[in-house]
Amino acid sequence: QTGQQREFLYRLEHPDNGCSEIEAIADDRFLVIERDSKPGIPGSVKHIYEIDLSGATDISQIESLPASSSPKGVTPVKKRLFLD
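Please read these numbers as outputs of a predicted model, since none were measured by experiment.

Enquirer: Describe the pairing of strand β1 (residues 18-24), naming the residues involved and giving the relevant values.
Expert: Judged from the six bridges that link them, β1 and strand β2 (residues 29-35) form a sheet pairing that is antiparallel. Residue cysteine 19 lies in a different strand from β2, and its bridge partner there is glutamate 34.

Here is the structure:
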């Protein structure tokens, strides 16, 4: 409603994974489909995570992030496996 935008750090379980869907379930909670890029039976990673933005750092003002770690003072979203 306000048009305000925020960005948060979400760490993938494996660097070859990607997120194919994100669905809001509450103001600060979302379901995220994280998966590998393989179709059908060869595809072994298809997980749904519940993430929580509360306590996570808004990174919208950070120009770039390191590839393999969180910058000092940045808290990523909390994440738990919801469905395997």
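Structure's up, so let's keep going.
Enquirer: Residues and numbers for the pairing of β2, please.
Expert: Burial along β2 is one-sided: the residues Phe30, Val32 and Glu34 are buried and none of Arg29, Leu31, Ile33 and Arg35 is. Looking at chain direction, β2 and strand β3 (residues 46-52) are connected through seven bridges and run antiparallel. Its bridge partner lying in β3, arginine 29 is registered against aspartate 52.

Enquirer: Residue-level account of the packing of aromatic side chains, with values.
Expert: Counted under the stated rule, the structure contains zero aromatic pairs. Taking NZ or CZ as reference, lysine 79 lies 4.4 Å from the ring centre of tyrosine 49, over its face.

Enquirer: I'd like a description of the confidence of the model for the protein, backed by residues and values.
Expert: On average, residues of the protein score 90 in pLDDT, and 98% of them are at 70 or above. Per-residue pLDDT, averaged within each element of the protein, yields its smallest value for β1 (93) and its largest for strand β4 (residues 78-83) (96).

Reading the values: the criteria
- Residues numbered from 1 in each chain as written.
- Predicted model: local features only at pLDDT ≥ 70, side-chain atom pairs only at ≥ 80, totals over all residues.
- Heavy atoms only, no water.
- Pairing = 2+ DSSP bridges.
- Helix = DSSP H or I, 4+ residues; strand = E, 2+ residues; numbered from the N terminus.
- Buried < 20%, exposed > 50% of the residue type's maximum accessible area, 1.4 Å probe, protein only.
- Phe/Tyr/Trp six-rings, centres within 6.5 Å; stacked < 30°, edge-to-face > 60°.
- Lys NZ or Arg CZ within 6 Å of the ring centre and 35° of its normal.
- pLDDT = per-residue confidence, 0-100.

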